[in-house]
Amino acid sequence: MQHADLTALRDAIATGAASAEAACAAMLDAADRLNPVLNAYHETFRDHALAEARAVDADARAGRPLPPLAGVPVAVKDNIATVLGHTTCSSRMLGNYRSPFDASAVERLRSAGAVTIGKTNLDEFAMGSSGEHCHWGPVRNPWDTARVPGGSSAGSAAAVAAGLCAAAIGSDTGGSIRQPASLCGIVGLKPTYGRVSRWGLVAFGSSLDQVGPMTRSVRDAALMLDCMSGLDARDSTTADRPATALAATVERPVEGLRVGIPRQYVSGANDPEVNAAVQAAADAYRAMGATIVEADLPLTDVGISTYYVIAPAEASSNLARYDGIRYGHRAQLRPGEDLFTLYARSRSEGFGPEVQRRIMLGTYMLSSGYYDAFYKRALQVRRRIKEEFDRAFAECDVLLGPTAPTPAFGFGANADPLAMYLCDVYTVNTNIAGICGVSLPAGHAVRDGKHLPIGVQLQANAFEEDRLLRAARMLERAFAERNAKARPAVSA
Amino acid sequence: MVGLEIHVELATRSKMFTRAGSPGHPDFYDREPNSLVTPTVAALPGTLPVMNRRAVEMSMMVGLALGCSIARRSKWDRKNYYYPDLPKGYQISQYDLPLCHDGAFELPLPGGATRRIGIIRAHLEEDTGKLGHELPGGFSYEGSLVDLNRAGTPLLEIVTAPDFDSADDVVAFAQELRGICRFLGVTEGIMQKGHMRFEPNINVIIELEGGGTVKTPVVEVKNLNSFKALKGAIEFEAAAQVDRWREDGRVMGPGAKSTRGWDDVRCATVLQREKEDAHDYRYFPDPDLVPVTVDDAWLARVRAEVPELPHARRARFVGYGLEAKDAAALVEDREPCLFFEQVVAELGGGAKAGYAAGKFLLNQLSKRANELGCGLHRAGLTAAQVAGIVSLRESGALGAQNVDALVAAIAGSAQDPKSAAEAAGLLVVRDDAALDAWVDRAIAANAQAAADVRAGKMAAIGRIVGAVMKLAGGTVDAKTVNERIVARLRVARLGEGA
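Reading the values: rules and limits
What you see as residue numbers is a count from 1 along each chain, following the sequence as written. Labels are handed out in written order, letters beginning with A for the chains and numbers beginning with 1 for the ligands. It should be noted that, the model being predicted, local features are given only for residues of pLDDT at least 70 and side-chain atom pairs only at 80 or more, the latter also being counted only at that level, while totals for whole chains, interfaces and linings use all residues. Only hydrogens and water are set aside; all other atoms, that is, all heavy atoms of the structure, feed into the side-chain values. Numbering of helices and strands runs from the N terminus, with a helix taken as a DSSP run of H or I at least four residues long and a strand as a DSSP run of E at least two residues long. Using C-alpha atoms as the atom set, the radius of gyration is obtained and then compared with a globule rule of 2.2 Å times the number of residues to the power 0.38. Buried residues are those whose accessible area, probed at 1.4 Å on protein chains only, stays under 20% of the maximum for their type, while exposed residues exceed 50% and partly exposed ones sit between those limits. Method for areas: the Shrake-Rupley scheme with a 1.4 Å probe, in which residue coverage is limited to the protein chains shown. Counting rule for charge: Lys and Arg are taken as positive, Asp and Glu as negative, and neither His nor the chain ends is counted. To locate a charge, take NZ of a lysine, CZ of an arginine, CG of an aspartate or CD of a glutamate. A helix is expected to reach a length of 1.5 Å times the quantity of its residues less one. Starting at the helix axis, one direction is taken to each C-beta atom, and the arc is that of these directions. By definition, residues are in contact when any of their heavy atoms lie within 4.5 Å. Residues enter patches when they are more than 30% accessible in relative terms and free of salt bridges; like-charged ones are connected within 9 Å and nonpolar ones (Val, Leu, Ile, Met, Phe, Trp, Tyr) within 5 Å. Salt bridges, as used here, are contacts in which a Lys or Arg side-chain nitrogen is within 4 Å of a carboxyl oxygen on Asp or Glu. Accessible surface is computed with a 1.4 Å probe, and the buried area is the amount of it that two parts give up when combined, taken over both parts together. Polar contact criterion, stated in full: a pair of N or O atoms within 3.5 Å, where within protein one must be able to donate a hydrogen and the other to accept it, and residues adjacent in sequence count only if both atoms are side-chain atoms. Each residue gets one label: Ala, Val, Leu, Ile, Met, Phe, Trp, Tyr, Cys and Pro are nonpolar, Asp, Glu, Lys and Arg are charged, and the others, such as Gly, are polar. What makes two strands pair is DSSP finding at least two bridges between them. For helices, the fitted axis covers only the stretch in contact; all axes are lines through C-alpha atoms, and the angles between them, taken along N-to-C directions, range from 0 to 180 degrees. Those domain boundaries reflect an automatic or database domain assignment.

Enquirer: Give me the overall build of chain A: which residues, what numbers.
Expert: Looking only at helices and strands, one finds 16 helices and eleven strands in chain A. Computed over C-alpha atoms, the radius of gyration of chain A comes to 21 Å, within 12% of the 23 Å expected from 2.2 N^0.38 for 492 residues, which places it in the range of a compact globule. Projected onto the principal axes, the alpha-carbon positions of chain A cover approximately 70 × 55 × 50 Å. Looking at chain A as a whole, 65% of its 492 residues are labelled buried. Working note: accessible area of chain A is about 16400 Å², and carbon and sulfur atoms make up 52% of it. Considering chain A, the positive charge centre built from 50 side chains and the negative charge centre built from 52 side chains are found 1 Å apart.

Structural data, given as structure tokens:
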């Protein structure tokens, strides 16, 4: 059952066709075997997970009613708080940190019956697009271990792709769910800002961060979101809306679907095979009776610069709490050294270079005299980007384009931070505008004799997840054969 | 010139942005260090602030009482700096859109005049924790200890215009504001607990001999938590700034502001920071919180909650005929004042009732309250019982000499004063025949006094009154006795003449 999707596993457990315990044990065994290669997990919770799974099996045997995710093993990105194990953000700063509470998303998944199987590695504090900036070592792509899985939800993407869990949750601030989903050949959904509570998600860019599902199918993403979303009194930025009910409608194609393709998205800077995948998706939609319209998003290019003002500015303030005073890494002081040395040394030792770079960027941009030129201006551009999307969505239901400009790249290939930042050119604006987007598999490219997944992205306006996932499901169905041509090289 | 910043710790049950109990609320006074801490207070990873609506409402009430406009849209900003008592590394405050702004308060001055004090703004923020260097029990500790009980407490910062020109007016305003806050129920205003902290900005305008003036640099004195310190700091600075100017000639201007603290022992201010613009707090809107939108309905609900304020009540009580000092005494504390108002209402309201009730409370009941060490409202009588006693006194049915006995008889019980007084034989005897008999016996026994009264020497009547009271055993009212004696003596004289 390891390569069935979560929904199929859930159904099999409920009908007694599969044992939750056996499924969970198989995934844990695979994780033990493959994690030394992939480094997807920081830790797994064997005893806990098996006990929970056994309880679900008992409930199933006794014919007791089962919640919607009963017995399915779900992995949690390690910047999402869990009482189980640690919550390290893949940072030395929080290397030994244990949270006294569960994140809201974790709590809701658990009450829906999901079994927390482990915590997955990420680019430190979710800052990165490759999975390389992890204090616990780089995460590897199951399709080609010489390549990165993408980031920052690197471990979650690798674990789902390699069959080390039924599904995972990640966080997406500028593409951190969708880009690794694309590079690992899975489905990654960034919900509308405010859909899922951020309580328990360790803050990076608070106005951009969103928790979302990373799954093997579009219907799994729908089901997972249904179980996580909805108003939460502990996060004032959650929308005053009930939980979604997408799983019930996701199989229904959107009649008269209008698919917009922003001309800025089919760029010559993209890998040709990525552009070809987008073209294939457009053709598939057309064949299904959808209308393809050209959309215009001239602000696509300024997204990255806007993002690299807003996200670091918020991060510089959000990460100020890691000062070595109450918890986290505290540097040794020599006699006579003062409080500010304690701060500086703890933070210099505790944070990796990318995190330090962004803290410094953000601090600079919020400083007196620079605020108007950077932060204030970025907020103005942010409004314009949102307006631009609103205009585009007046003409179409979803926007189609690449998730990332290229398939998975090699370790160290984007050593220049600016080159790395460009990996997110098609994903950051979704967060800046607070709308929703999903990446789904769209075939493969072959490099060095290895199949590498290519993803395409669909975006829809705020709170239009229903249309977004129904459209995604249409394409997933059309691409079933295309995607079945290859499987990850390293897999359970 | 003096402008004043006042920090008021609001008495909400929970903190500004989390459900932890707030040390400004009586239920959480003087708790063990770090016992009022939730994950949000400690700024654990993944925690988020959620606004306490009651704190916003309390701030709106204070703003309305100070004549401020209430912003229909305000927001929360982060003030970023590092300090061990600041768990998040930033303080949530309001930077450019305060909740209350542009108010003015007519400060009553002795003699009935007022002085208009401009209120620039009043904004809400969260308090910091505390750093200490002592273990519980007073044991010294090498290093610093952080207590986060106060961290996250709602703090209202009120900023006045520099409209004061004397320490006395500043103190009068501070005291008036304390009274207002207490009447609004937003704090108990206990100074020792830091419920109110003052930070005056002081400078001096020096008139030069040859005409013209110079202004000395502004000094901000931090964290004064008593009226005495407030007065002392302002008076000290007023003198010291002239001396400093004579020495260094420095005048007001950009970057010239300094920050000082108050040394209670030496009664002097001490330099803390030379230049205030050394800090860059990197304010920006807090993305974890949504802007505060105040609609008509909410504002109307809060406005309806604002009770009559102390200065208005004092004026009304003076209108009852009470002296200014009595009126002030009745408004001093909220609960006793509300108790007084209740007594007046029980009596049917009006100036006469107000006067009688006020006098009774301050002259008779306050004695008992003082002995018990409690407020007038806690002296063991309900407002209805007090009103009953006042009525008995006013109608002449209860003599002054029996008031204490009656109070003692019914205190702590639900007894009606009239029936209790009757049962205990404390009421004036309405038997005129008996009274006349006592009066006649008293006149007969004090012939000389009677003669004096007849001769118009009214002072002599006291002797006869005393004799009647003695005979009646306290069941008559002196006023009635007095009238009766006069009547008897007149009748007698008429009788003699006939």
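There's plenty left to go through after this.
Enquirer: So what's going on with helix α11 (residues 353-366) of chain A? Residues and values would help.
Expert: A rise of 1.5 Å per residue sets the reference length of α11(A), with its 14 residues, at 20 Å; its end C-alpha atoms lie 20 Å apart and thus fit the reference within 8%. Of all the positions in α11(A), only Glu354(A), Val355(A), Arg358(A), Ile359(A), Gly362(A), Met365(A) and Leu366(A) are classed as buried. Along the axis of α11(A), the buried positions cluster into a sector of 135°, meaning they face one direction only. In α11(A), the exposed positions angled more than 90 degrees off the buried face are occupied by Pro353(A) and Met360(A). Looking at the packing, one finds that the buried side of α11(A) touches α9 (302-318), α10 (339-350), α12 (372-395) and α13 (417-421) of chain A together with β17 (284-285) of chain B.

Enquirer: So, a nonpolar patch on the surface: which residues are in play, and what are the values?
Expert: All names here are of chain B. Together, Leu-135, Phe-139 and Tyr-141 make up an exposed nonpolar region whose accessible area comes to about 290 Å². Assignment of secondary structure puts Phe-139 in strand β9 (residues 139-147). Residue Phe-139 is classed as exposed on the basis of its relative accessible area, which comes to 56%.

Enquirer: Can you explain the interface of chain B and chain A? Please cite residues and give values.
Expert: Taken together, the 30 residues of chain B in the interface contact 38 residues of chain A. Across the chain B to chain A interface the summed buried area is about 2800 Å²; carbon plus sulfur atoms make up 59%. Joining chain B to chain A, the criterion identifies one salt bridge. Here Asp288(B) makes a salt bridge to Arg198(A), at a shortest N to O gap of 3.1 Å. At the junction of chain B with chain A, the criterion picks out 18 residue pairs in polar contact (both at pLDDT 80 or more). Of all the elements in the fold, those that place two or more residues in the side of chain B that touches chain A are β4 (77-80) and β17 of chain B. Per-class residue counts for the side of chain B that touches chain A are 20 nonpolar, five polar and five charged.

Enquirer: Would you mind going over the sheet that holds strand β2 (residues 69-70) of chain B in detail, with residue names and values included?
Expert: All names here are of chain B. Taking strand neighbours across the sheet as the criterion, the nine strands line up as β2-β6-β7-β10-β1-β11-β14-β15-β16 in an open arrangement whose pairing is mixed. In this open sheet, the two edge strands, each paired with only one partner strand, are β2 and β16 (268-273). Helix-sheet contacts for helix α3 (residues 227-248) involve β1 (2-9), β11 (196-202), β14 (219-221), β15 (258-263) and β16, and the interaxial angle to β11 is about 15°.

Enquirer: Give me the lowdown on helix α5 (residues 154-161) of chain A, citing residues and values where you can.
Expert: Residue and element names in this part refer to chain A. Within α5, eight of the eight residues are buried, which leaves it mostly tucked inside the rest of the structure. Where α5 is concerned, the buried positions are Ala-154, Gly-155, Ser-156, Ala-157, Ala-158, Ala-159, Val-160 and Ala-161. Backbone geometry just downstream of α5 places Gly-163 in the positive-phi region, at approximately 75°.

Enquirer: Account for the sheet that holds strand β8 (residues 291-295) of chain A, with residues named and values stated.
Expert: All names here are of chain A. Ordered by their spatial adjacency, eleven strands build an open sheet running β1-β3-β2-β4-β6-β5-β10-β11-β9-β7-β8, and the pairing between neighbours is mixed. In this open sheet, the two edge strands, each paired with only one partner strand, are β1 (41-44) and β8. On average, adjacent strands in this sheet sit at an angle of 30° to one another, irrespective of strand direction. Across three bridges, the pairing between strand β2 (residues 73-77) and strand β4 (residues 167-172) is parallel.

Enquirer: Hey, could you go over the domain arrangement of chain B for me, with residue numbers and the actual values?
Expert: All names here are of chain B. On domain assignment, one finds that chain B holds domain 1 (2-202 + 276-293), domain 2 (308-423) and domain 3 (432-497). Its C-alpha centre places domain 1 at a distance of 36 Å from the equivalent point of domain 2. The partner domain 2 presents eleven residues to the ten residues of domain 1 that form the contact. Between domain 1 and domain 2, roughly 830 Å² of surface is buried when both sides are summed, and carbon and sulfur atoms account for 63% of that area. The largest per-residue losses of area from domain 1 upon contact with domain 2 belong to Glu-176, Arg-182 and Phe-183, which jointly make up 68% of the total buried on that side. If you look at where domain 1 meets domain 2, you find two salt bridges. One salt bridge in this structure joins Arg-182 and Asp-333, with 1.9 Å as the shortest N-O distance. Elements with a minimum of two residues in the side of domain 1 that touches domain 2: β6 (100-108) and α2 (167-184).

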